[in-house]
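Chain by chain, the residues:
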2 protein chains.
Amino acid sequence: MALRIISALALSLVLLGCKEQQTDALPSWNNNTSKQQIIEFVEQTTNSDSEHYVPVSERIAVFDNDGTLWAEQPMYFQLFFVLDQIKKQASQHPEWKNTQPFKAALEGDIATLEKGGMKAVMTLLMATHAGMSTEEFKLEVSNWLSNSVHPTTKRAYTDMIYQPMLEVLNYMRSKGFKTFIVSGGGIEFIRVFSEEVYGIPPEQVIGSSIKTGFSWQEGKPIIQRLPEINFIDDKEGKPLAINHHIGRRPIAAFGNSDGDHQMLQWTDAGKGLSLKVLVHHTDAQREWAYDKTSSIGKLDKALLEAQEKNWTVINMKNDWRTVFPNIE
Amino acid sequence: MALRIISALALSLVLLGCKEQQTDALPSWNNNTSKQQIIEFVEQTTNSDSEHYVPVSERIAVFDNDGTLWAEQPMYFQLFFVLDQIKKQASQHPEWKNTQPFKAALEGDIATLEKGGMKAVMTLLMATHAGMSTEEFKLEVSNWLSNSVHPTTKRAYTDMIYQPMLEVLNYMRSKGFKTFIVSGGGIEFIRVFSEEVYGIPPEQVIGSSIKTGFSWQEGKPIIQRLPEINFIDDKEGKPLAINHHIGRRPIAAFGNSDGDHQMLQWTDAGKGLSLKVLVHHTDAQREWAYDKTSSIGKLDKALLEAQEKNWTVINMKNDWRTVFPNIE
């Protein structure tokens with residue numbers, strides 16, 4: 001009797017094992033080329049019988065954030081945070097009503113802000129991202145994420161992540177890959193939600209940063225955020241930051257814009273098999289459709305090289321069954 | 001019969017489990033206070049019934065390298081690398097024979113080098129650490145480590161690591177801790193051997209760095225090392241670098257000098273239980289004995305605060321049964 005139970009249990013375990021192997025790890029993907037290329041790459045690099053086998057310690061996969069893991073239209077979500085913070089702090093800064101670029105920010109005058117260019121953005125960024133401790137900044141971001149919704153979709157920003165990419169993150173991690181974010185966005189901004197939303201811990205988030213200082217406040221050490229750029233993690237900055245933070249070349253890289261081009265080239269130049277993926281925003285119905293003429297997430301040269309070299313290009317409209325979680 | 005075999009197997013597994021629990025995880029340590037404090041901290045933070053329990057994702061432990069994980073006398077090992085590289089490259093630089101600080105470096109004239117101070121060291125550092133790709137630099141370090149021995153002990157530098165600290169690294173990792181190096185030494189220098197020697201992968205090594213640039217050479221992208229300091233990971237720099245690379249406060253920190261003081265203070269100021277450890281070099285027989293008057297690894301203020309606040313102070317002579325691997 002006992003033996004029959006044990007045999008039944010053993011059989012169940014075997015069946016469960018088989019069932020797991022047959023489960024689709026990427027259910028939100030249509031069975032098109034991009035899905036096949038991702039799965040084929042993962043299988044070739046993780047099957048110990050394959051000539052392309054890569055040991056676990058070298059299975060490094062890097063992901064851009066804006067436009068690759070979550071949406072970035074009509075502007076980067078971190079810029080909505082900046083504008084909301086300016087409004088929130090306005091009562092303590094009566095002078096902002098008559099000073100640019102604060103005036104434009106308060107009035108939602110995007111045209112004037114765009115005319116102000118990088119200098120205007122930097123001024124707003126420093127007013128909202130510096131002059132506080134790292135702990136205080138985290139709390140501001142966390143509160144904002146809990147209490148804000150996207151202007152078009154009215155969804156929380158953290159619900160505007162891409163379900164198919166969540167599946168890729170989980171699938172690759174289940175195969176021994178270590179997943180990193182390599183973003184032009186702020187490193188401490190993304191870290192507030194990356195672990196809960198993407199399963200990526202803060203130590204695996206790389207991004208742009210401002211300088212910090214160590215000081216004492218009421219007998220306690222604090223890290224103060226200073227109004228000075230430390231590093232811009234974009235274009236050439238991405239492979240440099242990968243080298244600095246990870247110290248190893250990735251074997252897989254996912255991006256969506258020309259800002260990711262050098263990261264993909266750096267990955268491509270590695271010795272063994274590598275995966276280079278671009279998310280091409282082609283779905284004006286469910287998300288947005290844009291590429292080479294967009295001021296946000298411009299995709300031009302990287303797409304040309306991807307087509308020329310047969311990198312993986314995700315056609316969002318055709319390849320993704322679902323875009324955002326819980327919306328078919 | 002089958003059932004008896006299964007029962008015997010089950011019993012063996014239980015016994016093996018018990019045996020493992022009784023095994024001493026720190027066999028190179030005498031049963032003194034420092035060993036007890038380390039084990040007690042690890043048990044209190046990893047036992048789910050403890051009021052001090054910490055989830056796995058927050059079990060971050062940071063370790064200084066020079067003087068904490070390996071020796072640092074009569075000077076930092078990376079400086080021996082610098083001097084050896086100057087000698088190796090001298091034939092391509094005939095002008096060095098008559099130019100300081102190269103002349104002193106070539107003649108082994110340490111007194112003149114010391115008089116030249118930080119400026120002399122930086123000049124030598126840039127001549128040997130910059131002006132090449134990251135790949136070329138790794139190869140130089142790797143070759144040097146394979147072909148050099150320490151002037152006093154005649155052992156390979158990577159054999160001058162501390163056996164008791166290797167046991168702490170393994171013990172803490174076996175309890176779910178993620179171990180990081182946070183060193184004043186060069187980040188790309190340490191990464192060459194950290195994984196093989198300490199089991200710490202490159203992405204968990206933090207250190208001082210020079211700037212880098214992205215460029216193309218013969219159709220391939222390369223990362224070039226530039227002769228300009230990027231970041232000095234010492235004193236206040238250590239908590240700042242921890243915040244930048246890890247994004248979480250450690251709950252355990254190990255150091256040996258005043259250069260580690262702020263890292264220990266930052267760890268101590270966290271909310272829950274934390275472990276602050278200083279390696280005190282007290283063993284002139286088996287290693288070196290030095291503290292507040294040493295120019296390398298000066299330990300003065302941090303030791304005073306450790307004694308005052310009851311941090312863990314390792315007395316190398318009394319607490320360590322073994323210092324270097326394979327030497328009793």
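Scroll up to find the structure this text is about.
Treat the numbers as computed from the prediction; the structure is a model and nothing was measured.

Rules used throughout
Residues numbered from 1 in each chain as written. Chains lettered and ligands numbered in written order. Predicted model: local features only at pLDDT ≥ 70, side-chain atom pairs only at ≥ 80, totals over all residues. Heavy atoms only, no water. Helix = DSSP H or I, 4+ residues; strand = E, 2+ residues; numbered from the N terminus. Rg over C-alpha atoms; globule rule 2.2 N^0.38 Å. Buried < 20%, exposed > 50% of the residue type's maximum accessible area, 1.4 Å probe, protein only. Contact = heavy atoms within 4.5 Å. Areas by Shrake-Rupley, 256 points an atom, 1.4 Å probe, with all protein chains shown as cover. Lys, Arg positive; Asp, Glu negative; His and termini not counted. Charge placed at Lys NZ, Arg CZ, Asp CG, Glu CD. Buried area = accessible area lost by both parts, 1.4 Å probe. Salt bridge = Lys/Arg side-chain N within 4 Å of Asp/Glu carboxyl O. Pairing = 2+ DSSP bridges. Axes fitted to C-alpha atoms, helices over the stretch in contact; angles between N-to-C directions. Parallel < 35°, antiparallel > 145°, perpendicular 65-115°, else oblique. Nonpolar A, V, L, I, M, F, W, Y, C, P; charged D, E, K, R; others polar. Phe/Tyr/Trp six-rings, centres within 6.5 Å; stacked < 30°, edge-to-face > 60°. Arc of directions from axis to C-beta. Least-squares fit on C-alpha atoms with pLDDT ≥ 70 in both. Polar contact = N/O pair within 3.5 Å; in protein donor to acceptor, adjacent residues only side chain to side chain.

Novice: Sorry if this is basic, but what is going on with the overall build of chain A here?
Specialist: Each helix and strand counted, chain A has twelve helices and seven strands in total. The C-alpha atoms of chain A give 22 Å as radius of gyration, which agrees with the globular expectation for 328 residues (20 Å, within 12%). Expressed along its principal axes, the backbone C-alpha trace of chain A runs to roughly 80 × 50 × 40 Å. Here chain A holds 328 residues, and the buried ones make up 52% of them. Across chain A, every contact between residues at least 6 apart in sequence was considered, and the portion connecting residues at least 24 apart equals 66%. On chain A, roughly 15300 Å² of surface is accessible, and the fraction owed to carbon and sulfur atoms is 52%. Taking the average location of the 33 positive side-chain charges in chain A and that of its 40 negative ones, the two points are 1 Å from each other.

Novice: Can you walk me through the interface of chain A and chain B in this structure?
Specialist: Much of the literature gives interface size as the accessible area that the parts lose upon coming together. On the chain B side, the residues contacting the 42 residues of chain A number 42 residues. Interface area, chain A with chain B, both sides summed: about 3400 Å², of which 56% is carbon and sulfur. Where chain A touches chain B, the interface holds eight salt bridges. For K178 of chain B, the salt bridge is made with E203 of chain A, and the minimal N-O distance between the two is 2.9 Å.

Novice: I keep staring at the pattern of salt bridges and nothing clicks. Help me out?
Specialist: Once the charged atoms of two side chains with opposite charge are near each other, the side chains can pair. Applying the stated criterion to the full structure yields 26 salt bridges over all chains. Close ionic contact of R249 of chain A with E135 of chain B constitutes a salt bridge, the shortest N to O distance being 3.8 Å. Taken together, the residues R249 of chain A in the loop between α9 (237-245) and β5 (252-255) and E135 of chain B in helix α6 (residues 134-147) connect one chain to another. For R249 of chain A, a relative accessible area of 23% corresponds to the partly exposed category. Residue classification places E135 of chain B among the partly exposed positions, given a relative accessible area of 41%.

Novice: Please clarify how the sheet that holds strand β7 (residues 312-315) of chain A should be interpreted in this entry.
Specialist: All names here are of chain A. Read across the sheet, seven strands follow the order β4-β3-β2-β1-β5-β6-β7 without closing on themselves; strand pairing throughout is mixed. Both outer strands of the open sheet, β4 (220-231) and β7, are each paired with one neighbouring strand and no more. In this sheet, neighbouring strand axes are inclined to one another by 30 degrees on average, regardless of whether the strands run parallel or antiparallel. The pairing of β5 with strand β6 (residues 275-280) spans four bridges and is classified as parallel. When the sheet's bridge partners are listed, A252 is paired in β6 with L275. Along the sheet face, helix α5 (residues 110-129) touches β3 (205-217) and β4 and points at about 175 degrees away from the line of β4. Sheet strands in contact with α9 are β1 (60-63), β2 (178-186), β3 and β4, and its direction is about 130 degrees off that of β2.

Novice: When you look at the packing of helix α3 (residues 77-89) of chain A against helix α6 (residues 134-147) of chain A in this model, what are you seeing that I'm missing?
Specialist: Packed helices, taken two at a time, are described by the angle their axes make and the gap between the axes. All names here are of chain A. Close contact between α3 and α6 brings their axes to 11 Å; oriented N to C, the two are set at 105 degrees. Here α3 is positioned roughly perpendicular relative to α6, judged by the angle of their axes. Counted together, F77, F80, F81, D84, Q85 and K88 of α3 and F137, E140, V141 and W144 of α6 form the full contact between these two elements. Residue composition of the contact of α3 with α6, grouped by class: six nonpolar, one polar and three charged.

Novice: What's the story with the packing of aromatic side chains in this structure? I'm lost.
Specialist: Each aromatic ring pair is characterised by the separation of its centres together with the angle its planes make. For the structure shown, the criterion picks out 36 aromatic pairs over all chains. Centroid distance F81 of chain A to W144 of chain A: 5.4 Å. Interplanar angle 75 degrees. Geometry classified as edge-to-face. Here the residue F81 of chain A occupies a position in helix α3, and W144 of chain A occupies one in helix α6, the gap between them amounting to 63 residues. Accessibility assignment for this pair places F81 of chain A and W144 of chain A in one class, buried. Where W96 of chain B meets F102 of chain B, the ring centres are 4.5 Å apart and the plane angle is 0 degrees; that geometry is what we call stacked. What makes F102 of chain B buried here is its relative accessible area of 9%.

Novice: Please explain helix α11 (residues 301-309) of chain B as it appears in this structure.
Specialist: Three- or four-residue spacings in an α-helix give side chains the same orientation, since the helix completes a turn every 3.6 residues. Residue and element names in this part refer to chain B. A302, L303, E305 and A306 are the residues of α11 that are buried. An end-on view of α11 places all buried positions within 165 degrees of arc, on one side of the element. Facing away from the buried side of α11 by more than 90 degrees, the exposed set consists of K301, L304, Q307 and E308. Tucked inside the fold, the buried residues of α11 contact α10 (261-268), β6 (275-280) and β7 (312-315).

Novice: Looking at this model, I keep getting lost on the relation of the copies chain A and chain B. Mind explaining?
Specialist: In summary, the two copies of the chain are related to each other by a rotation about an axis coupled with a shift along it. Rotating chain A by 180 degrees and moving it 0.0 Å along the rotation axis overlays it on chain B with an RMSD of 0.0 Å. Look at the turn and shift together and you get a two-fold axis relating the two. Ranked by how close their C-alpha atoms come to the rotation axis, the residues of chain A are headed by H245 of chain A, at 3.4 Å. Taken together, the interface assignments show that 100% of the residues at the interface of chain A recur at the interface of chain B, consistent with an identical surface on both copies.

Novice: Looking at this structure, how should I read unusual backbone geometry?
Specialist: All names here are of chain B. Geometrically, the link from Q73 to P74 is a cis peptide bond, its omega value of -5 degrees lying close to zero. Within the fold, P74 resides in the loop between β1 (60-63) and α3 (77-89). Omega for the bond connecting Q100 with P101 falls within 30 degrees of zero, at 0 degrees, which places this linkage in the cis form. Residues other than glycine seldom take positive phi values, yet K235 does so here, at roughly 50 degrees. Relative to the assigned elements, K235 resides in the loop between β4 (220-231) and α9 (237-245).

Novice: How should the side chain of E167 of chain B be read in this particular structure?
Specialist: All names here are of chain B. Within the secondary structure, E167 is located in helix α7 (residues 163-174). In this structure E167 is buried but unpaired, with K35 as the nearest side chain of opposite charge at 7.1 Å. A distance of 2.5 Å separates polar atoms of two side chains, one belonging to E167 and the other to S28. Beyond its immediate sequence surroundings of up to four residues, E167 is in contact with A25, L26, P27, S28 and W29.

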